[in-house]
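Now for the letters of each chain:
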Amino acid sequence: MAVTLLHTPIPATVPGQRHETERSLCSSLLKKALGDNAEIAHRPDGSPFIDSRPDIFISVSHSAGTALIALSDSPVGVDIEAPRPQLARVAGKFLTKEESLRIDSTAPDYLNILLHYWTAKEAAFKLFRLPGLTISEIQIDSELASASSGSKRCRISFTKISEDIVATADCPEEATDTHPTEAHN
C-alpha cells in the first residue's frame, strides 16, 4: 500500500466541541477505509495507531476546515494547514539558519514557501517520533523533497486540498518503526 490520504470537511462546531468533532470525523474516515473494527488508539507519546491492524500505520492532522488521515504499510507522517500570516511572524522559530538564508522574505510567494516548510517539518516530526525533537531541528532540503534530523531521513511530498497544503513524510524502504502496539507492553 502506498500512502492513502482520506479527508473530510469539518463542519462549523459549537465552541469547545471542535476537538471532539475532529476526533469523530477521523474515526469515521478510518472506519470507512478499514471497517467498523478499526479504531484509532494512542501510544503514551500521543501518536496514533490502529490497534486491530498492526500492519497499517496512521497519521492524523486537521486544518481549520479539513480532517485528514494518512494510511500506509510503512511509517507515515502527515500535516495539513491553510495559509496563515502567523507563519511569517514565527518563521525564525521553525526554520533552520540555512533554510532562512535560502528563502527570500520579499518574494510574492513567501507565505506559500513558509507553509510548505512548516507542513513538511510537522509531517516529518510525526514520522520521526524522536523524544525531545523540536521542529526547528528538522532540516528540509532545498528542493522540499526530503527531511532529516540526526540519522532519521524521509521523503516529503505535497498535495493540495482546497486552499490547504498537505505534506506527507514517509520512508517506505525503511519500515523501522517499532511495532505499533509495542508501546502498550
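Preceding this section is the structure that the text describes.
Below is a summary of the structure that appears in this document. (Residues numbered from 1 in each chain as written. Predicted model: local features only at pLDDT ≥ 70, side-chain atom pairs only at ≥ 80, totals over all residues. Heavy atoms only, no water.)

Within soluble globular proteins, side chains that are nonpolar tend to cluster in buried spots. Formed by 27 residues in total, the largest nonpolar core has its most connected members in F94, L114 and C154. Taken together, the elements giving at least two residues each to this core come down to helix 2 (86-94), helix 4 (110-128), strand 9 (152-161) and strand 10 (164-170). Counting residues per element, this core draws most heavily on helix 4, which supplies ten residues. Sequence-distant contacts of C154, defined by excluding residues within four places in its chain, comprise A124, L127, F128, A145, S146, A147, A169, D170 and C171. L25, I56, I69 and L71 belong to the second-largest nonpolar core, a separate cluster that totals 13 residues. (Core = buried A, V, L, I, M, F, W, Y, C linked by side-chain atoms within 4.5 Å. Buried < 20%, exposed > 50% of the residue type's maximum accessible area, 1.4 Å probe, protein only. Helix = DSSP H or I, 4+ residues; strand = E, 2+ residues; numbered from the N terminus. Contact = heavy atoms within 4.5 Å.)

Moving on: the pattern of salt bridges. Taken as a whole and assessed by the stated rule, the structure comprises nine salt bridges. Here E22 ties to R18 by a salt bridge, and the two come within 2.8 Å at their closest N and O atoms. Of the two residues, E22 and R18 both sit in helix 1 (residues 18-34), four residues apart, roughly one turn of that helix. For R18, a relative accessible area of 28% puts it in the partly exposed group. One salt bridge in this structure joins R53 and D55, with 2.9 Å as the shortest N-O distance. (Salt bridge = Lys/Arg side-chain N within 4 Å of Asp/Glu carboxyl O.)

All right, on to helix 2 then. Taken together, the buried positions of helix 2 are L87, A91 and F94. When helix 2 is viewed along its axis, its buried side chains cluster within an angular range of 90° and face the same direction. Within helix 2, the exposed residues directed more than 90 degrees away from the buried face are R89, G92 and K93. Of the surrounding elements, those touching the buried residues of helix 2 are helix 3 (97-102) and helix 4. (Arc of directions from axis to C-beta.)

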